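# An overview of the molecular structure
Each chain is listed here by its residues.
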Amino acid sequence: MSRTETADPIKPANPHNAGPPLWLLAELTYRCPLQCPYCSNPLDFAQTEKELTTEEWVSVLRKGRKMGAAQLGFSGGEPLVRQDLAELIAEARHLGYYTNLITSGLGLTEAKVDAFAEAGLDHIQVSFQASDPELNNAVAGSRKAFDQKLAMARAVKEAGYPMVLNFVIHRHNIHQMNDIMSLCERLGADYVELATCQYYGWAFENREGLMPSKAQLVRAEQEVNQYRERLQQSGSAMKLIFVTPDYYEERPKACMNGWGNLFLTVAPDGTALPCHSARLLPIDFPNVRDMDLQSIWFDSPGFNHYRGDSWMPEPCRSCDEKEKDFGGCRCQAYLLTGNADNADPVCSKSSYHDRILAARKAADHATAGLTELVYRNADNSRLFFRG
Amino acid sequence: MHEVPRFRRGFRFQWEPAQESYVLLYPEGMVKLNGSAGAILNEVDGQRSVADIVTSLEQQFPDAGPLGKDVSEFLQDARQQHWIELS
């Protein structure tokens, strides 16, 4: 495609020649009945003011689709808390999005499962916390969570949706891998995400109490590989996706496939973010209430902040892998070094890599029980912004 | 050749103007299809057999020569990826 130098008065400037945001994550609300101590929502979520209205969300969906977004996630918090969810699903499907509902299953009913199918919902992902009720409910901070999740997973399957079951894996449930996978197989999952905890938001606060040891991880990975082979031999279509924690890598992940490259998150209050964690960065991100989505994506300082590589200090600047991993994750750099410009300390070339090594060492000796974790709820959240 | 391909539930095939290509959408994922993959999957409607699809494509692309082998190999591959079912 040829680029012309003539400015188009309608199109916003696009200094980094960014492509379209193919993925749109609509975080409809931070409200949630669960209290998982690894929640990716911001620590001070309880401070967030008014949620976008139905009309404001519809406008975001229309603009995003026009820009080329094809995958849409309805997430939160718990998106089922929003009374207008069926309306938003119908609008999104009408626009041509592939619509994903990412839910805890709490607040879901068989009637809603059917109503959402009617509205055109393509897929439902149900999250679990463990393979047994006791541990599941302790992690979720809800006594009735597990039974409800089971019932809803069955209802989702019954209604004919493709089903993704998601388990966040940490040191308190990593011994359950085989039980988890066999539960998923019994429930008829199409995809199983075994996502080892990433340490942002609440999970960063609780890192010592969540991070598995290297030995635990190696064993879990073996169990997944063996199970995968078994599935393949039996011709099962269930896919296992095991996300390894980058704290045990020597090179960082290509976070979000690059900053402002594919992913656009809109938070409950309309703040637009290049990923759902980026709110913790000391960067002024635009809001869909004040700025057109197209200008936000292409032209705003927030979204252009880490595009390209001119922002990179050493060791990234002269690194021959910088186009592969973009220096890793900005949030991780900020949380671990205090400066989001730095190389992601996961990288062994980072002068802060010792902080990753220290976390690994701590994981070998951690003793904290579940009760010692900080649970994600409004009372605990207020502690973070009252100071 | 008599088998009828259809997309698995949860898989959606559509044209995306922003990407100037056909894509296959599925739970939390998207495959951008190249020209021939797009042309073949565009014929999948859950009604017509592999043989029908080959005939249709040979009419659309008369300069391409016989397409039977390529089309059935591609559809077998798509089945292995669990994108489609053949029945």
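As the structure is a computational prediction, the values presented were derived from the model and not from experiment.

Conventions used here
Residues numbered from 1 in each chain as written. Chains lettered and ligands numbered in written order. Predicted model: local features only at pLDDT ≥ 70, side-chain atom pairs only at ≥ 80, totals over all residues. Heavy atoms only, no water. Helix = DSSP H or I, 4+ residues; strand = E, 2+ residues; numbered from the N terminus. Rg over C-alpha atoms; globule rule 2.2 N^0.38 Å. Buried < 20%, exposed > 50% of the residue type's maximum accessible area, 1.4 Å probe, protein only. Contact = heavy atoms within 4.5 Å. Areas by Shrake-Rupley, 256 points an atom, 1.4 Å probe, with all protein chains shown as cover. Lys, Arg positive; Asp, Glu negative; His and termini not counted. Charge placed at Lys NZ, Arg CZ, Asp CG, Glu CD. Axes fitted to C-alpha atoms, helices over the stretch in contact; angles between N-to-C directions. Parallel < 35°, antiparallel > 145°, perpendicular 65-115°, else oblique. Left-handed = near helix turned anticlockwise from the far one by under 90°. Arc of directions from axis to C-beta. Core = buried A, V, L, I, M, F, W, Y, C linked by side-chain atoms within 4.5 Å. Pairing = 2+ DSSP bridges. Right-handed = clockwise from strand over helix to strand, strands pointing away.

On to the overall build of chain A. Looking only at helices and strands, chain A features 15 helices and nine strands. What you see for chain A is a C-alpha radius of gyration of 21 Å, in line with the 21 Å of a compact globule of 387 residues. With the C-alpha coordinates aligned to their principal axes, the bounding extent of chain A is approximately 60 × 50 × 50 Å. Burial analysis of chain A (387 residues in total) assigns 55% to the buried set. Residue pairs at least 24 apart in sequence account for 74% of intrachain contacts in chain A once pairs closer than 6 positions are excluded. Accessible surface for chain A amounts to roughly 17000 Å². Of this, 49% is attributable to carbon and sulfur atoms. Across chain A, the centroid of the 40 positively charged side chains sits 1 Å from that of the 49 negatively charged ones.

Moving on, we come to the packing of helix α2 (residues 50-60) of chain B against helix α3 (residues 68-80) of chain B. Residues and elements named next belong to chain B. Interhelical geometry of α2 versus α3 gives an angle of 130 degrees and a closest axis separation of 10 Å. Accordingly, the angle class assigned to the pair α2 and α3 is oblique. As for how α2 packs across α3, the hand of that crossing is right-handed. Of the residues in α3, those touching α2 at V50, I53, V54, L57 and E58 are G68, V71, S72 and L75.

Residues and elements named next belong to chain A. For helix α3 (residues 110-119), every residue scored as buried is listed here: V113, F116 and A119. Angularly, the buried residues of α3 cover 125 degrees about the axis, an arc narrow enough to put them on a single face. Turned more than 90 degrees away from the buried face of α3 sit E110, A111 and E118, all of them exposed. On its buried side, α3 packs onto α2 (85-95), β3 (98-103) and α5 (145-158). Note on α3: the residue one or two positions beyond its end, G120, has a positive phi of about 105 degrees.

Attention now goes to the nonpolar core. In terms of nonpolar packing, the biggest core is built from 91 residues, with A:L24, A:F74, A:F116, A:F128, A:L165, A:F167 and A:L194 touching the most fellow members. Top element by residues in this core is α5(A). It accounts for seven residues. With residues near it in sequence (within four places) discarded, A:L24 still touches A:V60, A:L61, A:A69, A:Q71, A:L72, A:G73, A:Y97, A:L264 and A:V266. Within the second largest apolar cluster, 25 residues are counted, among which are A:V164, B:L24, B:A37 and B:I84.

Right, let's get into the pairing of strand β5 (residues 163-169) of chain A. All names here are of chain A. Within β5, seven of the seven residues are buried, which leaves it mostly tucked inside the rest of the structure. Across five bridges, the pairing between strand β4 (residues 123-128) and β5 is parallel. Looking across to β5, one finds that V126 is bridged to L165. Pairing of β5 with strand β6 (residues 191-196) involves six bridges; the strand directions are parallel. The residue of β6 that forms the bridge with N166 is E193. After leaving β5, the chain enters helix α6 (residues 177-187) and then returns to the sheet as β6, a path that is right-handed.

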